[in-house]
Amino acid sequence: MPDAIVTRNLTKTFGKKVAVRDLSLAIPTGSLCGVIGPNGAGKTTTIRMIMSIIFPDSGELSVLGKASAVESKDRIGYLPEERGLYKKMRVAAFLAYIAKLKGVDSAAAGKKAAHWLARVGLGDVARKKCEELSKGMQQKVQFIASVIHEPDLLILDEVFSGLDPVNRRLMRELIDEQHRAGRTILFSTHAMYEAEQLCDRILMIHDGRKVLDSTLAQIRADFDPRTIVAEPDGDPAAAAELLRRLPIIREVESVAGDNGRPGSQLTIRLVDSAQPPAALAAITAAAPMRRVELTRVNLEDVFIDLVQTEAGATISRDALRAADSPALEPAHAS
Amino acid sequence: MLRKTLFVAWREFSSTVFTKGFLLGVLMMPVIAAIAIGGAALTDRLKGPRVSGSIAVIDRAGGVAPGISARFSKDALKAEKDKAAEAMAAEAKRQAEKFGLPPEQVQAAPAIAAKVVDNAMADADISIDVLAPDADAEIEKIPLATADARQNSDTPVDVRPRLALAVIPPGAIAKGADGEYATFDLFTAPKLDFQIKLRIERKISEAVIDARVQNDPALRASGHTAESIRELMKRPEARVASITATGEKKDLGVGQIFLPMAFMGLLLMSVMTGGQLLLTSTVEEKSSRVMEVLLSAVSPVQLMLGKIVGQMTVSLLMLAMYSGVGVAGLVAFSFMHILDPKLLIYMFIFFFISFFTIASLLAAVGSAVSEMREAQTLQTPIIFLIMIPWLLVLPISRAPNAAYSVALSFVPIINPFVMMIRLTGSEPPPFWQIPVAIAIGLATVVFSVWAAAKVFRIGVLMYGKPPNIRTLIKWVRMA
């Protein structure tokens, strides 16, 4: 099956700022692809070019097999980052209007709007004016507006921003449902853990350039940190000393544990030849442990590694992390 | 392509028209107008206040007091009122004939006019109290302050309130050393009805003039009286008619200026209302961030055209309603003959031209800004431009074929308005100028829609600092 989106050497500048630089990518049909990168990386610009809302200075692209999204607008669902509703319009009328604009015939548009509103638990607000809805409700209505015409390709820009945890979960379910229905989904976020939870494919953009474009499974394999986190049952310093003698271990670092006590937890890095399962067994055998855990790859670390490598490691890891992490989410998905 | 544009147009139309504000505003207008006209008619029926009292006269000149007394006698007051009613009736008949009203209305006009006069002129029961020529004006003024002009007329004459005190100096009827007549003093009670005050003043003035004529030996010798001189001085009236190729055409007087004003007003009002609504709705789409959602379904040009067509339909509806009311009014009052139906057709042609021009410019302004406040600066030049024809209504309608009128007919943007004024003016423009003006108008439409589409395409996704006119021009010139 041909790729849903293909771009070749896309470049877009705004005045002196190069927003997107030489971007080539291919999004396979049926994939759920996350575009991640910090604020200002060029995600929205890329998406707008894919949508033919703005046009690249140079480069080519094809969307659903056409040279421009304009030709297949009705087969694309788009939830822009800058999204809103007609304040004075009634919710159902708004959705029916958008559906009609996207080629749904007039008779079916109203029915679809009602169906979707019921589906997301907003059946009783159909006759209300959009301005009367809460922010979360408005987000859901905007999501419906992007899928109401059953598009083949769904592009969602910063879909989770402004949602509470309950609606975040609902949104994840809705996206997953669209994915299972066979639609190609491209969504952007600056919160990388969201992408990690949902996507099967990741596109990382930094400073207008693609720094990573791969499946999540491949990324996990390529960027396996080969790191084990352990909490010794006893004196951590003594345990660390014992572990350093093992040949499979390259380095042991004492860090603050979950209880906040400095030095109560160990970060153990393995030598390249070590097999993680065997290493786990060897560690527990060497010293009594309360907890031993193999650290899984985490997109944020991958991103920071990639950016640091590129920048010649001049930027401190913590500085980058501080700039990118949302305040309330865990920095590690352990 | 067309289907989506029409959906946008329909939303634009329905979201504007099917609102309480619009329905009330448009439907209530004729009702309010009817109430206003009815109210004006009603006030005519109201009787003026009935006044009774006395006027004290200190005639230091001698010979004026009898004239004043005679003028305020009951018979004289009634005769005056009858005469005014008669004059008004005659004038009403003359005007009715001048406008070419049907005979039954010409017949009815005098009676209506007489009734109006009868109601308007206050009934007055005024007696004249001639004081001694050497009476002290300061003392005689005192009763004025406490007078109540509305007192019952049954009150005995000696206690009736003093409404005014007139002091006529000798110089009022005999020229002084400087060759001028002196003024006379008139002191009045407070709260005296202003019409009564005017009548008192006028009557005393007339009495003074009569006395002057009496006092002038030369005039006396020639046999002239004040009355005969007044007759001589009456301004003659002209019967005005313009001579056209088809014969004599009655001059319409005020109608001549009413028609261009009405057509210009209708055209300007409908274009501006629609243009403003379009500007507001475009800015709203941007500020509520619904714009990009729309752009995922329609192209910027489709959106802009849809919006223009939608608002044009709103304006067209208003124009049709208002001109319909106007035509109905003319028919009801049998004035339809002053209106050439061709003018209505021209009005709609020029409406389309000016609407598309102005609306596309305003849509471009709306797309470039993020808030209504920012739109003010950018739309000022456009508003200013279309206010120009307002200033030109009078000069152009007075000289529809003067060089400047012809030249302005070919200036883009304002030429639909100028042509409308000329077409409704006293002499029609040469026929060839009409299609030329229309062609220039259409070219302007094509250019402004093209330029606006360019600005719109870039502007709709721009947020932040509003651009200035130079930037907008730069956007137009960008490929």
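Look above for the structure.
All values reported here derive from a predicted model rather than from experimental measurement.

About the criteria used
Residues numbered from 1 in each chain as written. Chains lettered and ligands numbered in written order. Predicted model: local features only at pLDDT ≥ 70, side-chain atom pairs only at ≥ 80, totals over all residues. Heavy atoms only, no water. Pairing = 2+ DSSP bridges. Helix = DSSP H or I, 4+ residues; strand = E, 2+ residues; numbered from the N terminus. Axes fitted to C-alpha atoms, helices over the stretch in contact; angles between N-to-C directions. Expected span 1.5 Å × (residues − 1). Buried < 20%, exposed > 50% of the residue type's maximum accessible area, 1.4 Å probe, protein only. Contact = heavy atoms within 4.5 Å. Buried area = accessible area lost by both parts, 1.4 Å probe. Salt bridge = Lys/Arg side-chain N within 4 Å of Asp/Glu carboxyl O. Polar contact = N/O pair within 3.5 Å; in protein donor to acceptor, adjacent residues only side chain to side chain. Nonpolar A, V, L, I, M, F, W, Y, C, P; charged D, E, K, R; others polar. Core = buried A, V, L, I, M, F, W, Y, C linked by side-chain atoms within 4.5 Å. Phe/Tyr/Trp six-rings, centres within 6.5 Å; stacked < 30°, edge-to-face > 60°. Lys NZ or Arg CZ within 6 Å of the ring centre and 35° of its normal. 1 Å grid on protein atoms, 1.4 Å probe; cavity = no way out; pocket = protein on both sides within 12 Å on 5 of 7 lines; lining within 4 Å. Points joined across faces, edges and corners; volume = space filled by probe spheres on them.

1. What about the sheet that holds strand β13 (residues 289–294) of chain A?
Residues and elements named next belong to chain A.
Argument step 1. Strand order in this open sheet of 4 strands is β11-β12-β10-β13, and the pairing throughout is antiparallel. Of all the strands in the sheet, the pair left with one neighbour each is β11 (249–255) and β13. Shown here is a sheet whose adjacent strand axes are inclined to one another by a mean of 20°, direction ignored.
Argument step 2. Of the pairings in the sheet, the one linking strand β10 (residues 227–232) to β13 comprises 5 bridges and is antiparallel in character. Residue pairing for β13: E231 is matched across the bridge by R291.

2. Let's talk about helix α5 (residues 165–180) of chain A
All names here are of chain A.
Argument step 1. Between the first and last C-alpha of α5 there are 22 Å, a value that for 16 residues agrees with the 22 Å anticipated at 1.5 Å per step.
Argument step 2. Those residues of α5 lying buried are N167, R168, L170, M171, L174, I175, Q178 and H179.
Argument step 3. Tucked into the core, α5 has its buried residues touching β3 (32–36), α3 (106–119), α4 (135–147), β6 (153–157), β7 (184–189) and α6 (192–198).
Argument step 4. With its phi angle positive at about 95°, G182 sits one or two positions after the end of α5.

3. Digging into the interface of chain A and chain B
Argument step 1. If you look at the interface, chain A gives 25 residues, while chain B gives 19 residues.
Argument step 2. Taking both partners together, chain A and chain B bury about 2200 Å²; carbon and sulfur atoms supply 60% of that area.
Argument step 3. Seen at the junction of chain A and chain B, the total is 2 salt bridges.
Argument step 4. A salt bridge links K4 of chain B to D74 of chain A, with the nearest nitrogen and oxygen atoms 2.7 Å apart.
Argument step 5. Linking chain A with chain B are 11 residue pairs in polar contact (both at pLDDT 80 or more).
Argument step 6. Ranked by residues supplied to the side of chain A that touches chain B, first place goes to helix α2 (residues 91–101) of chain A with 5 residues.
Argument step 7. Among the residues making up the side of chain A that touches chain B, the classes are represented as 13 nonpolar, 3 polar and 9 charged.

4. Some words on the nonpolar core
Argument step 1. F94, L95, I175 and M204 of chain A are the most contacted members of the largest nonpolar core, which totals 167 residues.
Argument step 2. Per-element accounting of this core gives the leading share, 14 residues, to helix α13 (residues 341–368) of chain B.
Argument step 3. Non-local contacts of L95 of chain A, meaning those with residues more than four positions away in its chain, are made with A113, L117, V141, I144, A145 and I148 of chain A.
Argument step 4. Within the second largest apolar cluster, 22 residues are counted, among which are V51, A172, L192 and A211 of chain B.

5. Topic: the packing of aromatic side chains
Argument step 1. By the definition in use, this model includes 10 aromatic pairs over all chains.
Argument step 2. Ring pairs connect the aromatic residues Y86, F94 and Y97 of chain A, which therefore count as one cluster.
Argument step 3. Note that R11 of chain B overlies the ring of Y97 of chain A, its terminal NZ or CZ placed 5.8 Å from the centroid.
Argument step 4. Here the guanidinium or amino end of K141 of chain B rests over the ring plane of F187 of chain B, the centre of that ring lying 4.4 Å away.

6. Let's talk about the layout of surface pockets
Argument step 1. Roughly 980 Å³ of volume is contained in the largest pocket.
Argument step 2. Every residue lining the largest pocket is counted, 28 residues in all, and those nearest its centre are K12, F14 and I54 of chain A together with I458 and M462 of chain B.
Argument step 3. When contributions to the lining of the largest pocket are tallied by element, the ones reaching two or more residues are β1 (5–14) and α1 (43–50) of chain A together with α17 (433–459) of chain B.
Argument step 4. The residue makeup of the lining of the largest pocket, split by class, is 15 nonpolar, 6 polar and 7 charged.

In short, geometric facts, not functional conclusions.
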